[in-house]
Amino acid sequence: RIVRDGITRAPCVRMASAMEAADLKLWCEMPQNFAKLKQAFESTTSFGKLQACNPTVAGRNVYLRLVCFAGDAMGMNMVSKGSLAVIELLQSTFPTLSL
């Protein structure tokens, strides 16, 4: 049995304050905003799919656990490129975000 199938990346981003970090977490968890993240990720690949974004806040840091599906591909480069597209979208939405 397959219990779970996915490749993850967890980029860490830093916000100007803990409040902004909490705002980023809440923004990512809204279904309409996850759809934007999904679109940005999937614009970089024909096969990869963003399945989930699970942000965790630690002070000003936000760890974005991105869960992706790569089909039959190993997918490490695919997931890295898609993750970068997600970060770029978040930077345009949250100007104080830094890597």
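Above this note sits the structure.
The text that follows walks through the structure, step by step, so that each part is easy to find. These figures come from a predicted structure and were not determined experimentally.

Now for the nonpolar core. The biggest cluster of nonpolar side chains holds 24 residues, and the ones touching the most others in it are Leu-24, Cys-28, Leu-37, Leu-50, Leu-64, Leu-90 and Leu-97. In terms of residue count, helix H3 (residues 76–93) provides more of this core than any other element does, five residues in total. Ignoring sequence-local partners within four residues, the contact set of Leu-37 consists of Trp-27, Cys-28, Leu-50, Cys-53, Val-86, Leu-89 and Leu-90.

On to the environment of Val-13, then. Positionally, Val-13 belongs in strand S2 (residues 12–14). Sequence separation of Val-13 and Lys-25 is twelve residues, and the distance between their C-alpha atoms is 11 Å. Apart from residues no more than four positions distant in its own chain, Val-13 is found in contact with Leu-24, Arg-60, Asn-61, Val-62, Leu-64, Ile-87, Leu-97, Ser-98 and Leu-99.

What follows is about the packing of aromatic side chains. The geometry of an aromatic ring pair is captured by the separation of the ring centres together with the interplanar angle, meaning the angle of the planes. Within the structure shown, the criterion is met by one aromatic pair. Judged by centre distance (5.8 Å) and plane angle (90°), the ring pair of Trp-27 and Phe-94 falls under edge-to-face. Taken together, the residues span a long stretch of sequence, with Trp-27 in helix H1 (residues 18–29) and Phe-94 in the segment after H3 at a distance of 67 residues. Residue classification places Phe-94 among the buried residues on the basis of a relative accessible area of 13%.

So, how was this worked out
- Residues numbered from 1 in each chain as written.
- Predicted model: local features only at pLDDT ≥ 70, side-chain atom pairs only at ≥ 80, totals over all residues.
- Heavy atoms only, no water.
- Core = buried A, V, L, I, M, F, W, Y, C linked by side-chain atoms within 4.5 Å.
- Buried < 20%, exposed > 50% of the residue type's maximum accessible area, 1.4 Å probe, protein only.
- Helix = DSSP H or I, 4+ residues; strand = E, 2+ residues; numbered from the N terminus.
- Contact = heavy atoms within 4.5 Å.
- Phe/Tyr/Trp six-rings, centres within 6.5 Å; stacked < 30°, edge-to-face > 60°.

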